[in-house]
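Each chain, written out:
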Amino acid sequence: MLNYILRRLGAGLLLLVVVTAVTFWIFYVLPRWAGVTPQGMAAMYVGKAPTPEAIQATVDRLGLDQPIAVQFVEFLRTLIFGQEFTFGRQTVECAAPCLGYSFSTNSPVLPQILDRLPVTLSLGLGAAVIWVIGGVGVGVLSAVKKGSVFDRLAMGAALAGVSLPIYFTGLLALAFLVHQWGLFPVSRYVPFTEDPVAWYQVMLLPWITLAFLHAAQYARQTRAGMLETLNEDYIRTARAKGLSERKVIFKHALRPTLTPILTILGLDIGMVLGGAILTEKVFSLNGVGAYAIDSIVSKDLPVILGVTLLGAVFIVVCNLIVDLLYPVVDPRVRITA
Amino acid sequence: MRKRTFGFVALGAAATLLLSACGGSATGGGSESENEFDQGSTQLVNPSDKTGGTLKYAIEADFDSADPGNTYYGWSWNFQRYYARTLLSFTPEPGEAATELMPDLAKAMPEPNDDFTEWTVEIQEGLKYEDGSEIVAEDIKYAIARSNFNGGTLSLGPQYFSAHLDQDDHNVYEGSDPLAGFDSIETPDDYTLVFHLKDSFSEFPNVLTQLQTAPVPIEADKGELYQENVLSSGPYKFDGNYQPGVQLHLERNEHWDPDTDPVRPALPDRVELEIGVAQDEIDQRLVNGDIDVDARGTGVGPAMRSTLLDDEAVQGNLDNPYTGALRYMNIHTPIIEDVACRQAIMYAVDRDSMWRAWGGEPGGDIATNLLPPAIPGSNPESDLYPSEDGKGDLDAAQSKLEACGEEDGFSTTLAVRAENDNEVQTAESVKEALARVNIDVNIESYPTADFFGQYAGSQDFVRENDIGLSLSGWGPDWPSGYGFASKITHGDAIMETGNFNTSELDDPEINGLWDDALLTEDPDERAAIYEQIDTLVMENAAILPVVFDKSLIYRSDELTNVFYQPAFMMYDLMPLGVDRD
């Protein structure tokens, strides 16, 4: 098992290097292919009235005139070993893992990401709890009550959830549930450690909105899986043996259905923790996703690389956890392994 | 069992909703305001000397920098005065007085020599930073030096000092003594500054209102990182938890002495700025009373604008001032070289249609001259290219085309910022109107962020892509003809890239008048020169004015001492307080 975990971690590490290289290529190399000079790139970070001197100083400071390979190796070296940066007459140590300083705000990237991470974790994990419980629960009930009014309504809602984008449902929820009817407070993030009740109140609507999108998929997937499993011979056998319906459904039918659910859950949580961009923007939550989109708009390369790397880390880690959970959920995997 | 499960779920959901509902309220507004529509544009609204409370701001986009020496956003210049005092200030009074200058850190207004190349200003004694140390003249000298002579390290702010001070190349971040050789500002004692300029500059006091004159002790400067915790000279200081892109909270600076500060009554106990809030959300929260001021100051977005204008009950809470900005179209002189061809365009456009593209009545007024109404020397009645109902004079346009040998019309490209819906619609209007005289316009959209750096403001790009027209907007750095128009019409302002004199107007007569203005002490005489420049720019047909912008601002009844400050193109933030009783 340890060998397996180490192998997976190694593969994950390799994946992170590849993701970093691809991101680097997209944001550093592609503009050059499009004819943007190092001075043109630097001009984006020197404000409204740039002087040639300021532009050249920015090129030098950011190393934009260095060969791409040198810039990439320098980025990796800084990430792994840290680096000293000079600001004015001051030298500042950026310890490893160092993601450098934002081109546009000069703020250190990693602390900025870490400051925003609690917002994203709160959003992603809270929503995941709702969409897993809600989605799987509705899926099970729909399968058990196949063809009933509940089933039709639930699947209709699920279809709506999958079809409607966050910026539609989110804005609608804000307009009516917050501003019109006052059922939820205005979204202004409060840390859990500061005031758990306020944290819960503020996060509930973003959770529900984000969960609505994902729960739909889980409900449909669970329902389909359950319907298939409920027709299996061993379910008929279980019923024939006189097991209670609750035991048949939850112990024998649901468990195998959960395996594919777990797979998509790993990916979904990884992606959401990497930044639920639309949800954060709609609800004005300053999480990693909002930071990512702002950095893309301002072409802030160190930040883009930082958040991309973080997103990749989450996806790799979540998938690893899911892989480790498979045998727990489905004993057949254990037997095969 | 099943019933019990459903019961539990239902109870949980109900509790959840109840708990949430307890925490929030969407009510706002309350009774109808006693104030009048647009009152804050020219008068003081809700006067009060009530202190205390928290004044809450929100904004969508972050500062360019929270460092007063390194910022060029209008709202930032206004907001940062909470923690950065400047040598001079605009007068905190509504109406015309708002644009007059007065001392802030200074003891009195600066004294010039005969030809305006040397200015002497004394600062008050006993002024203190937040750490209790004294503010001295050398700190102001250093603040100016670091913001303008830094080897490109701090590049975001204006460069008026580097353009006008009689100073050789200098970099404060090189060498052991940052001010060695920096002789263009002398500090004969701790309370006196003498500025030596390379040219006459009668409007130099306006530059002394800028945040770059806010003092910075040499030992406190951390280059680009100084913005993380600026040493306050004003009534408020950072509370130690500044998060770029998220929030900046200010608390009282106990070392600030109100008796030395005629500009800031500092009424609230605390000032909170929330950053990264979507504009629609800001508008909604403003109306609901959850925040007090949209820090951006340019008014509500299109969705809320129509809602508010349709609601009789809130008319007394609305102001509709000129923003001080002009929306206009550059006619690029190197591409459309013949002035008669450019004048044909001036005659052929449909100004009424362009005005509608900008939102009609609440969006602004049709502009037929260069200088916006609040600028001395502006004559909005002037119209060198009149037409019936503003629909264009096609006969005059045709005769101008014949005069430039293009009687069958010509083709050109109009560059527009892709993300700006109003500009895109204006471009469509231009295209349609010019087609009436066979001028074929090809509209090309470019990203806003790089519009001047790489596209319409890049000389090479303009020539390679035959960009004859481009749409822009411009606001003043200070409310005078020079503060507004020199950067967009003076030949010396033409740059290879990042060019804001985008039409590349380089007319000797106009350039000469700019120089004359800087030698003229009397503001009325300067205003007369600016009016002449305005007329000449129109004759040159290098700039086609579209709209004098107006904003629609929601003003809460709880917000006190509200008035519009044309110098910042938004409310004056310093006098604001809250009265929530």
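Novice: How should I be thinking about the overall build of chain B in this particular structure?
Specialist: If you tally the helices and strands in chain B, you get 16 helices and 23 strands. At 26 Å, chain B has a C-alpha radius of gyration in line with the 25 Å of a compact globule built from 581 residues. With the C-alpha coordinates aligned to their principal axes, the bounding extent of chain B is approximately 80 × 80 × 45 Å. Across the 581 residues that make up chain B, the buried fraction comes to 54%. Looking at chain B alone, contacts between residues at least 24 apart form 74% of all its contacts between residues at least 6 apart.

Novice: I keep staring at the overall build of chain A and nothing clicks. Help me out?
Specialist: Across its full length, chain A carries 14 helices and 2 strands. Counting only C-alpha atoms and orienting by the principal axes, one finds that chain A spans roughly 85 × 55 × 40 Å. For chain A, the residues scored as buried account for 41% of the 337 residues in total.

Novice: Can you help me understand the confidence of the model for chain B in this one?
Specialist: The predicted coordinates of low-pLDDT regions are not to be read in fine detail. Residues of chain B with pLDDT of at least 70 account for 94%, and the chain-wide mean is 91. Reported for the predicted complex are a pTM of 0.85 and an ipTM of 0.78.

Novice: In this structure, what is going on with the interface of chain B and chain A? I would like to understand it.
Specialist: A common way to express how large an interface is: the accessible area buried when the components associate. Across the contact, 46 residues belong to chain B and 46 residues belong to chain A. The set of elements that each furnish at least two residues to the side of chain B that touches chain A consists of α1 (2–23), α6 (279–288) and α12 (451–455) of chain B. Counting residues per element, the side of chain B that touches chain A draws most heavily on α1 of chain B, at 6 residues. When its residues are assigned to classes, the side of chain B that touches chain A shows 15 nonpolar, 21 polar and 10 charged.

Novice: What exactly am I supposed to notice about the packing of helix α7 (residues 166–180) of chain A against helix α8 (residues 196–230) of chain A here?
Specialist: In helix packing, the relevant descriptors are the interaxial angle and the interaxial distance, both defined with respect to the helix axes. Residue and element names in this part refer to chain A. One way to put it is that α7 packs onto α8 with a least axis distance of 10 Å and a crossing angle of 145°. The element α7 and its partner α8 pack so that their crossing is right-handed. On the side of α7, the interface is formed by I166, T169, G170, A173, L177 and V178, while α8 contributes L205, T209, L210, F212 and L213. Considering only residue class, the contact of α7 with α8 consists of 8 nonpolar, 3 polar and no charged.

Novice: Before we go on, may I ask you to explain the nonpolar core in this structure?
Specialist: Soluble globular proteins: nonpolar side chains tend toward being buried together. If you look at the biggest cluster of nonpolar residues, it comprises 155 residues, and the most contacted ones within it are I345, A348, V349, V430, L434 and L544 of chain B. In contact with I345 of chain B, not counting residues within four places along its chain, are I331, L434, I439, A541 and L544 of chain B. In this structure, A154, L265, L285 and L305 of chain A belong to the second largest nonpolar core, which totals 84 residues.

Novice: What is the right way to read the confidence of the model for chain A from this model?
Specialist: Across chain A, the average pLDDT comes to 86, with 96% of residues at 70 or higher. Averaged pLDDT values over the elements of chain A bottom out at 63 in helix α14 (residues 331–336) of chain A and peak at 93 in helix α5 (residues 109–144) of chain A.

Novice: Explain unusual backbone geometry here, please?
Specialist: Residues other than glycine predominantly adopt negative phi, and peptide bonds predominantly adopt the trans conformation. Cis geometry is found at the peptide bond from A96 of chain A to P97 of chain A, where omega equals -5°. Positive phi values are uncommon outside glycine, yet K299 of chain A reaches one of about 50°. Relative to the assigned elements, K299 of chain A resides in the loop between α12 (288–297) and α13 (301–329). The class for K299 of chain A is partly exposed, based on 19 C-beta atoms found within 10 Å. The phi torsion at N46 of chain B lies on the positive side, around 55°, for a residue other than glycine. Relative to the helices and strands, N46 of chain B resides in the loop between α1 and β1 (54–59).

Novice: Please explain the sheet that holds strand β6 (residues 185–189) of chain B as it appears in this structure.
Specialist: Residue and element names in this part refer to chain B. With respect to topology, 4 strands assemble into an open sheet ordered β4-β5-β7-β6, the strand pairing being antiparallel. Only two strands of the sheet have a single partner each, and these edge strands are β4 (111–112) and β6. Note: β6 against strand β7 (residues 192–196), 3 bridges, orientation antiparallel. Within β7, the residue paired with I185 across the bridge is F195.

Novice: It is not clear to me how the sheet that holds strand β8 (residues 236–238) of chain B should be interpreted in this structure. Could you clarify?
Specialist: The strands that make up a sheet are held in pairs by hydrogen bonds between backbone atoms, and each pair lies either parallel or antiparallel. All names here are of chain B. Ordered by their spatial adjacency, 5 strands build an open sheet running β8-β9-β10-β1-β11, and the pairing between neighbours is mixed. In this open sheet, the two edge strands, each paired with only one partner strand, are β8 and β11 (293–294). When β1 meets strand β10 (residues 270–275), the two strands line up parallel, connected through 6 bridges. If you follow K56 over to β10, its bridge partner there is E272.

Novice: Help me out: how do you make sense of the packing of α5 of chain A against helix α10 (residues 245–273) of chain A in this one?
Specialist: All names here are of chain A. Between α5 and α10, the least distance of the axes is 11 Å, while the angle of their chain directions is 150°. As summarised for this structure, α5 and α10 are arranged roughly antiparallel, according to the angle between their axes. Every pair of crossing elements has a handedness; the one defined by α5 and α10 is right-handed. Of α10, the residues touching α5 (which contributes T120, L121, G124, A127, A128, V132, V136, V140 and V144) are I249, L254, I261, L265, I269, V272 and L273. Here the residues of the contact of α5 with α10 are counted per class, giving 14 nonpolar, 2 polar and no charged.

Novice: Please explain the pairing of strand β2 (residues 90–94) of chain A as it appears in this structure.
Specialist: Side chains on a regular strand alternate between the two faces of the sheet. Residues and elements named next belong to chain A. The sheet contact formed by strand β1 (residues 83–87) and β2 spans 5 bridges and is antiparallel. Of the residues in β2, the one forming a bridge with T86 is T91. In textbook terms, the turn of a hairpin is the stretch between consecutive antiparallel strands, and for β1 and β2 this stretch comprises 2 residues, one of which, G88, has a positive phi near 60°.

Novice: Is there a simple way to explain the environment of N561 of chain B in this structure?
Specialist: Residue and element names in this part refer to chain B. Mapped onto the elements, N561 comes out in the loop between β20 (559–560) and β21 (564–565). On the basis of neighbour count, N561 is assigned to the buried category, with 22 C-beta atoms found within 10 Å. Counting along the chain gives 401 residues from N561 to Y160, while the straight-line C-alpha distance between them is 32 Å.

Novice: I would appreciate a short explanation of the pairing of strand β5 (residues 118–122) of chain B in the present structure.
Specialist: Residue and element names in this part refer to chain B. In β5, alternate side chains face the same way, and those of W119 and V121 are buried while those of E118, T120 and E122 on the opposite face are not. Where β4 meets β5, 2 bridges bridge the pair, whose relative direction is antiparallel. Directly across from P112, in β5, lies its bridge partner W119. Joining the antiparallel neighbours β4 and β5 is a turn of 5 residues, in which F116 adopts a positive phi near 60°.

Novice: Sorry if this is basic, but what is going on with the environment of F176 of chain A here?
Specialist: Residue and element names in this part refer to chain A. Within the element layout of this structure, F176 appears in helix α7. According to the C-beta neighbour criterion, F176 is partly exposed, with 13 such atoms within 10 Å. Separated by 75 residues in sequence, F176 and Y101 place their C-alpha atoms 40 Å apart.

Novice: Before we go on, may I ask you to explain helix α14 (residues 481–489) of chain B in this structure?
Specialist: Burial runs high along α14 of chain B: 8 of the 9 residues are buried. In this structure, the buried residues of α14 of chain B make contact with α5 (204–207), β17 (467–474), α15 (508–518) and α16 (523–540) of chain B.

Novice: Teacher, can you tell me more about α5 of chain A here?
Specialist: For an α-helix, 3.6 residues make a turn, and residues three or four places apart therefore share a direction. With 36 residues, α5 of chain A should cover 52 Å at 1.5 Å per step; its first-to-last C-alpha distance of 50 Å lies within 8% of that length. At R116 of chain A, α5 of chain A shows its maximal kink, close to 35°; a proline, P118 of chain A, follows between one and four residues later.

Definitions and cut-offs
Residues numbered from 1 in each chain as written. Chains lettered and ligands numbered in written order. Predicted model: local features only at pLDDT ≥ 70, side-chain atom pairs only at ≥ 80, totals over all residues. Helix = DSSP H or I, 4+ residues; strand = E, 2+ residues; numbered from the N terminus. Rg over C-alpha atoms; globule rule 2.2 N^0.38 Å. Buried ≥ 20, exposed ≤ 12 C-beta atoms within 10 Å, placed from the backbone. Contact = placed C-beta atoms within 7 Å. pLDDT = per-residue confidence, 0-100. Nonpolar A, V, L, I, M, F, W, Y, C, P; charged D, E, K, R; others polar. Axes fitted to C-alpha atoms, helices over the stretch in contact; angles between N-to-C directions. Left-handed = near helix turned anticlockwise from the far one by under 90°. Core = buried A, V, L, I, M, F, W, Y, C linked by C-beta atoms within 7 Å. Pairing = 2+ DSSP bridges. Parallel < 35°, antiparallel > 145°, perpendicular 65-115°, else oblique. Expected span 1.5 Å × (residues − 1). Bend = angle between axes of the 7 residues up to and from the residue.

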